[in-house]
Amino acid sequence: MTAQTLSEKLPTTPPTAPRASDRWWHRLLDRRFLPVAGTVATLILLLVGGQLRYSTDDRSFISMRLFSNLFIDNSYLLVLAIGMTFVIISGGIDLSVGGVVALVGLVIAKLLENGAPLPFVLVVGVLVGTTMGALIGVMVQYFRIQPFIASLAGLFLARGLANLLGKTAIAIKDEGFASLASWKLKFGERPDIWYINLSMIIAFVVLLIAVYLLHYTRFGRTVYGLGSGDGGQAAGLMGLKPGATKMWVYVISGTCAGIGGLLFAFYTKSGYNLSGVGMELDAIASVVIGGAVLTGGAGFVLGTFAGVSVYGLILVICNREGLEIWWNRILIGAILLGFVLLQRVLVARRR
Amino acid sequence: MSGDGTATSWIRTVSRHHLFWPVVALVALWIACGIVSPGFLDIKLVDGHLFGQLVDIARNSVTYMLLALGMCLVIATGGIDLSVGAVMAIALSVSLTYIDGAANGESVSTALTAIALGLAAAAVVGAFNGFLVAGLGIQPFIATMIILVAGRGIALAFTGGQITTTHSAPFKSIGSGFVLGIPTPLVIGGVVFTLVALLVRRTALGMLLESIGINRTASQMAGVRSRNITWLVYVLCGLLAGLAGLVYGAPTMAADANNIGQLMELNAIMAVVIGGTKLDGGKFSLAGTIVGALILTTLDRAVIIFHLPSESKDLFKAIVVIAICIAGSERLRGQLGLRRVPQVPGPPTSPNKPVEVAA
Amino acid sequence: MSQTSASAPVVEMRGITIEFPGVRALDGVDLTLRPGEVHALMGENGAGKSTMIKALTGVYQIDAGTIRVDGAEHRFHGTAQAQVAGISTVYQEVNLCANLSVAENVMLGHEVRVGPFINWPATRRKAREHLALLNLDIDPSSQLGSHSIAVQQLCSIARAMVVQAKVLILDEPTSSLDKAEVAELFTVIRSLRDQGVAILFVSHFLEQVYEISDRMTILRNGKFVGEHLTRELPRLELISQMLGRAGDELAAIEAGAQRVAREDDESRTPLMTALGLGRNGSIEPVDLELFAGEIVGFAGLLGSGRTELARLLYGADKSDSGTLSYAGEPIRSAAPLASLKSGVAYSTEDRKKEGIIADLTVRENIALAIQANRGAWRRIPAKELDEVVARYMTALNVQPPNPNMLIRNLSGGNQQKVLLARWLATSPKLMILDEPTRGIDIGAKAEIQRLVVELAAQGLSVVFISSELEEVLRLSHRLVVLRDRQKIDELANGPEVTSSTVLEIIAASTTEHEEGAA
């Protein structure tokens, strides 16, 4: 054979000149970032639209007050969605979070009713979520049950346990808990007063930890590796620990659900076995709107943050418009459709 | 199960059958119920109508069954349909809203028109799902999630946010009547099951569904019209979900769009999976799906028989699902039967089905 | 060739035995790797090469035997431990995460850190340095999946170098590379060898093994057959050791597949005619005529456009220029089903992804195309199907002869035969065979070659595509030469046409190309 005569420059080796692809703005236009760019664009569109439509001479729509309300109302969703982001990037799904929110709320309410000390109750509440997540993780990782089914069982388990704890809403009357729930920092002057409450602070701390874990640790890279479409084989062959990571992803999501349940209890000051119905969908929708791909392997924590903001803003706008409540769902469905189509177009362009 | 002699090999063969664990679970449940409540297994003929706990269970299982049959076919193509619960609500809202507005709600023709409209609405939603999945190539999980999120809103838009309650004896009879002594829903369920079974097993549809679910590209290269077939299956699933909604809502004649069919998509998927069909797609079992639906309904009933708080049925379901999944998991079987389970047969690059939600 | 064979071995595997339920995959196999040497592991499919590699990399636990690395005995539990001991692997299909960036893939596990944080800019810089050592200048932050397989392969090697591997295992690294890329890869391998890395090279391509390796170990049926210096082992001897057959027998099989005499009837009308058929970014417009009873070989390197052209002819991809006509009738929009109905069959290049339906039975796999042809509603009567299945399974000698086995449990060669049965069952007039003999053992290969000749003798028009130029030359009546997604020549085959004739055509057009560009 005359292989040498055929030898030529590796066609894929470009000349050694500085290339445009190194520039940061080109990196921004990288297709990995495009869905998130879409989210941010939607967010800006909603804000600008709202600004034009609802601002009056003495009151701007875009204000600290708007953002403050947005995250007072959605801090629990943000935390749930962050946990969900880990799971979705790993190529899994966690349907249990809504049930866990209800369970955690009831556990907190029941424990406080029976006079357990507050710090203990808060820790136990979160740990309930962690335990549920660990259970799902064991089913997924050790018994190789599909995440969908395993977390579905988790959902029914959490709801079933919540039902056993109580069938009516239990108001939380504990003073310490009430003061934590209503604690807030006041900013600004009337009528533009805005607040930072404890839920927001917790949610943002969770956000920072998640950014660190997902984007600045080996663990985070393994999560992406799990979602690369081969079930983590490549990650395993690279000497990472895909098995343990898969387990941890569900523990993280469960813990986030536990924290979310706590925040939801702060928000409603009660525990109720029927709360959080469909909340897993809101969380998944926010993550998808935030640019993560449901088959795994792509997505960002900050994208999810933007996704939750879009979600919250739609509710605000529906409210401002005085639309019937069912429009919320239809609109969120429509936005979801829009993002799904966008992702589809991006994938099609890749081919 | 772990026996290694030839004497026990048939046990192993039987226990490996996909229907083994589901049927064992169902029979065990029935026996347990029969022990606690001695009259459980009796079936009586009163006024020429069949009555009994098992008849009730069968009747109640029809909703799950209709949903799960459609779901089973969708899952076979490697898809999933999360919208079925919402489709139930839409179909019922459309039907009852029509009857509510009709001049003579009691006439048979009004009822038939209402049924036709409800089913048509369901089929349209199914076609929309099919378009997203087969036409645009969007992942089924997310494509059908759109209707799951928006569907109840659409149903509420039909009823104007009210719980539409109306009267129509002919319509009501599809949920609570009898045909030749057999509850109408059961007849509907039986007919639908037979039709679906004929449709997939007497034609080549079943094999083609499986081939699409296992390897879509290869099927296309072999000339299989995978788009059309996938689309058809989503329409069928929508249609069956609509029918389930009508049968489910007919006895009460109330279109409570917020609550009807709530979590039904999950129950339907569970019935399919309990019945031994893998969520990855490919091989499917209609008979297993029926067994799955019966297990879920029996669980609902068992809670009452065991004098447990009615709310604990979710807990029950969770335990049964976990038990069946773990009993059927390769890992457990491997530990009981084989010394070593090569989890990756062939080279590490073999195209193992990626563990993902619904691709 | 390297002269360091006297130095102490870096890896010594002795008496390695691995059992799977019912199968002894490896039975007391020895393997010795020496630093600064390229060692080829040879054997047919199922000989135990992959299992051996997995034993060494800790994917499988060994049941008996010892593994020594640098004289110290090891028992690896998982690839991580093997990597720590200095053993890195580059797998057949690139086993990196396509959704991560190049830098992440190269550096994962060895990132530059600041406290508990990964320092991404520094990590990317370091990745770029490592890539530069392999002459690879790509943006480390670009997504790995956006690069060609060859580049991904090199990234894989760069990764192995980051972990400072003493032993580099290359498992079929060249199977999806074209010649130029292979040459580039070999340059890298030689430079690593000269740096003292021990390289274990596994490949189906004998040419490449002889080009790159210093020494080889031969396995057969999970057993050790022998270790030889490459330069001392003639090819025929190697093949007979791999197959366990005498050389003459092999020659007889090869002879059995020798091409038949070609017809030279000029008055024939073509079965299929393509005029200016092309597809943007896939293949430049091509003119082509295919005749009944003739085997046309598509000769060209991987990526030359031969598969792309085949896909256009079958309608698997849509053309965006030119016309296609079949039996005198123009085809408006070609699609697999329509092609199938009119008698065109296409056996795809990628058996796993585009061929078999792994979880269906052999019977169902054979039935698929005829059934698709009839539509979903008219099922083939069971009796009729049984007959068809039995006929083709016998004719093609599918082993084991059980139509109710899942096709996934068959060997590669038998899977290929089942696929051929699928297409033959549709009674095609034109059969396009894309790499029908890739990755299957020599016995099955000869059988398939013989079949191709027989089909043409029965009046079928056959398009034959293979990476092995010799095979194409042996079987084809006419050759269509492709390069760089263009048809560059067409010639009648004959005794005077040899592989170097074709290579010269390809090479000549290369120089034309370069001159044109200059």
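See above for the structure.
Residues numbered from 1 in each chain as written. Chains lettered and ligands numbered in written order. Predicted model: local features only at pLDDT ≥ 70, side-chain atom pairs only at ≥ 80, totals over all residues. Heavy atoms only, no water.

Engineer: I'm lost on the packing of aromatic side chains in this one. Help?
Structural biologist: Within a pair of aromatic rings, the relevant descriptors are the distance that separates the centres and the angle that separates the planes. Under the defined criterion, the tally for this structure stands at 18 aromatic pairs over all chains. Consider the rings of Phe71(A) and Phe204(A), whose centres lie 5.6 Å apart with planes at 70 degrees: the pair is edge-to-face. Here Phe204(A) lies in helix α9 (residues 198-215) and Phe71(A) lies in helix α4 (residues 64-89), a separation of 133 residues in the sequence. Under the relative-accessibility criterion, Phe71(A) is labelled buried at 7%. Accessibility expressed as a relative area gives 30% for Phe204(A), which makes it partly exposed. On the basis of an interplanar angle of 80 degrees and a centroid distance of 6.3 Å, the ring pair of Tyr314(C) and Trp423(C) is categorised as edge-to-face. Taken as a pair, Tyr314(C) in helix α10 (residues 306-314) and Trp423(C) in helix α15 (residues 412-424) lie far apart in primary sequence, 109 residues in all. Residue Tyr314(C) shares its accessibility class with Trp423(C), and that shared class is buried. Aromatic ring contacts, followed pair by pair, group Phe71(A), Phe204(A) and Phe305(A) into a single cluster. Looking at Lys184(A), its charged tip hangs above the ring of Tyr195(A), at a distance of 4.3 Å from the centre. Arg422(C) extends its terminal NZ or CZ atom over the ring of Trp423(C), reaching a point 5.9 Å from the ring centre. (Phe/Tyr/Trp six-rings, centres within 6.5 Å; stacked < 30°, edge-to-face > 60°. Helix = DSSP H or I, 4+ residues; strand = E, 2+ residues; numbered from the N terminus. Buried < 20%, exposed > 50% of the residue type's maximum accessible area, 1.4 Å probe, protein only. Lys NZ or Arg CZ within 6 Å of the ring centre and 35° of its normal.)

Engineer: Just to check I follow, could you spell out the pairing of strand β6 (residues 87-90) of chain C for this structure?
Structural biologist: A regular strand places its side chains on the two faces of the sheet in alternate fashion. Residues and elements named next belong to chain C. Burial of β6 is two-sided: the residues Ile87 and Thr89 facing one way and the residues Ser88 and Val90 facing the other way are all buried. Pairing geometry for β6 and strand β9 (residues 167-171), over four bridges, is parallel. From the neighbouring strand, Val90 faces β9, where its bridge partner is Leu170. (Pairing = 2+ DSSP bridges.)

Engineer: Any chance you could explain the packing of α4(A) against helix α13 (residues 279-289) of chain A here in plain terms?
Structural biologist: Angle between the axes and distance between the axes: these two values describe a pair of packed helices. Residues and elements named next belong to chain A. Where α4 meets α13, the axes come as close as 8 Å, and the angle between the chain directions of the two elements is 65 degrees. The orientation of α4 relative to α13 falls into the category roughly perpendicular. Where α4 crosses over α13, the handedness of that crossing is right-handed. Residues Tyr76, Leu77, Leu80, Ala81, Met84, Thr85 and Ile88 of α4 form the contact with α13, whose own contacting residues are Met279, Glu280, Asp282, Ala283, Ile284, Ser286 and Val287. Of the residues assigned to the contact of α4 with α13, the class counts are ten nonpolar, two polar and two charged. (Axes fitted to C-alpha atoms, helices over the stretch in contact; angles between N-to-C directions. Parallel < 35°, antiparallel > 145°, perpendicular 65-115°, else oblique. Left-handed = near helix turned anticlockwise from the far one by under 90°. Contact = heavy atoms within 4.5 Å. Nonpolar A, V, L, I, M, F, W, Y, C, P; charged D, E, K, R; others polar.)

Engineer: Where do I start with the pattern of salt bridges in this structure?
Structural biologist: Side chains bearing opposite charge may pair, as long as their charged atoms lie close to each other. Residues and elements named next belong to chain C. Scanning the entire structure with this criterion turns up 31 salt bridges over all chains. Across the pair Glu111 and Arg113 runs a salt bridge whose closest N-O atoms are separated by 4.0 Å. For Arg113, a relative accessible area of 37% gives the class partly exposed. As a salt-bridge pair, Arg306 and Glu435 come within 3.0 Å of each other at their nearest N and O atoms. (Salt bridge = Lys/Arg side-chain N within 4 Å of Asp/Glu carboxyl O.)

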